[in-house]
Amino acid sequence: MSGSLVVAGLGPGADSLITPEVVQSLADATDVLGYKPYVERIAPREGLKLHPSDNREELARARAGLQIASSGGRAVIVSSGDPGVFAMAAAVFEVLADAPEWQQLDIRVLPGITAMLAAAARIGAPLGHDFCAINLSDNLKPWPLIERRLRLAAEAGFAIALYNPRSASRPAGFARALEILKEAGAGGRLVVFARAVTTPHEHIEVHTLQEARADLADMRTIVIVCNAETRRVGRWLYAPRQVS
Ligand code: SAH
């Protein structure tokens, strides 16, 4: 039987938010590969080999998945949320670009619910108008580029979803990001700090950017900087559909 590689999104946390096609691909898999906490979400069963690895090993993991597929296995590489959003799908294609011998393999990317959408739904509709997403990790891009994108996004009036806001290895970056957004005139905007959305540890707070503290975010938090028009209605927030 010929092999396959599926790159699948597990959604933000709750099992009910894993799509039926991802559930099916996991049921058919011979091998599941991924960052350890994500692989731990997969129930072990006979005939399934789990391959947990560290979070800086994306290319090696992608190569291992392609290798399994080329040997006839049914490999699934799992990401949290959506696999195409700051996650494994791009790493698989980076490896594929240099590996013509694997380009005819059966490869599928299965979408998942990305963190910003799960967080937005919890609080109302803060992404109801134009928005963008920025990864605050400077592992794979220079910090000055992040600063430039933050400034331009704020000036352009986008709501901004910030992924990977703050980690132990770069504690100062997020505080600096908040400063840049204030300098760009966004101080009066509402900011949603949504932690571990759809898990038992979910916690959501809303502050104005002016009042926001950097320690409200960690690596399990997605931060949504709302646009200037965003309003409160009861316990909800929404970005009006019309902007003049
Ligand atoms: N592919 C993932 C993102 C991976 S980057 C997706 O589509 O969601 C990891 C970052 O995603 C975290 O640092 C955090 O900012 C965000 N994130 C992932 N799951 C989350 C959750 N359940 N609640 C809040 N933020 C989450």
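Residues numbered from 1 in each chain as written. Predicted model: local features only at pLDDT ≥ 70, side-chain atom pairs only at ≥ 80, totals over all residues. Heavy atoms only, no water.

Trainee: In this structure, what is going on with unusual backbone geometry? I would like to understand it.
Mentor: What is expected of a backbone is that most residues other than glycine have negative phi and most peptide bonds are trans. Positive phi, close to 50 degrees, is recorded for asparagine 164, a residue that is not glycine. With respect to the helices and strands, the residue asparagine 164 is situated in the loop between strand E8 (159-163) and helix H7 (171-186). Assessed through its relative accessible area of 25%, asparagine 164 is described here as partly exposed. A positive phi angle, near 70 degrees, is found at threonine 198, a position not held by glycine. Note on placement: threonine 198 falls in the loop between strand E9 (190-195) and strand E10 (203-208). You can call threonine 198 buried: its relative accessible area is 14%. (Helix = DSSP H or I, 4+ residues; strand = E, 2+ residues; numbered from the N terminus. Buried < 20%, exposed > 50% of the residue type's maximum accessible area, 1.4 Å probe, protein only.)

Trainee: Just checking my understanding: could you explain the packing of aromatic side chains for this structure?
Mentor: By convention here, two paired aromatic rings are described through the distance between centres and the angle between planes. Tallied over the full model, the rule gives three aromatic pairs. Ring centres of tyrosine 35 and tyrosine 38 lie 5.2 Å apart, and the angle between their planes is 85 degrees; this geometry places the pair in the edge-to-face category. Looking at tyrosine 35, the relative accessible area reads 25%, which means it is partly exposed. Here phenylalanine 86 and tyrosine 163 contribute two aromatic rings whose centre-to-centre distance is 5.0 Å and whose plane-to-plane angle is 65 degrees, an arrangement assigned as edge-to-face. (Phe/Tyr/Trp six-rings, centres within 6.5 Å; stacked < 30°, edge-to-face > 60°.)

Trainee: Even after reading the chapter, I still don't get the domain arrangement of the protein chain, so can you show me in this structure?
Mentor: It is common to report an interface's size as the accessible area lost on association of the parts. With domains assigned, the protein chain is organised as domain 1 (4-113) and domain 2 (116-238). In this structure, domain 1 and domain 2 have C-alpha centres spaced 28 Å apart. Counting residues at the interface gives eight residues for domain 1, matched by ten residues for domain 2. Between domain 1 and domain 2, roughly 650 Å² of surface is buried when both sides are summed, and carbon and sulfur atoms account for 66% of that area. Counting the surface domain 1 buries against domain 2, the share from its top three residues, Pro12, Arg56 and Phe86, is 62%. Remark: the boundary between domain 1 and domain 2 carries zero salt bridges. Joining domain 1 to domain 2, the criterion identifies three residue pairs in polar contact (both at pLDDT 80 or more). Of the residues assigned to the side of domain 1 that touches domain 2, the class counts are six nonpolar, one polar and one charged. (Domains from an automatic or database assignment. Contact = heavy atoms within 4.5 Å. Buried area = accessible area lost by both parts, 1.4 Å probe. Salt bridge = Lys/Arg side-chain N within 4 Å of Asp/Glu carboxyl O. Polar contact = N/O pair within 3.5 Å; in protein donor to acceptor, adjacent residues only side chain to side chain. Nonpolar A, V, L, I, M, F, W, Y, C, P; charged D, E, K, R; others polar.)

Trainee: Even after reading the chapter, I still don't get the nonpolar core, so can you show me in this structure?
Mentor: Nonpolar side chains in soluble globular proteins tend to be buried together. Leu150, Leu162 and Phe174 are the most contacted members of the largest nonpolar core, which totals 25 residues. Of all the secondary structure elements, the ones that give two or more residues to this core are strand E7 (131-135), helix H6 (143-155), E8, H7, E9 and strand E11 (221-225). Excluding anything up to four places from it in sequence, leucine 150 contacts Ile134, Leu136, Ile160, Leu162, Ala177, Ile180 and Leu181. Residues Leu5, Ala75, Ile77 and Ala91 belong to the second largest nonpolar core, which totals 19 residues. (Core = buried A, V, L, I, M, F, W, Y, C linked by side-chain atoms within 4.5 Å.)

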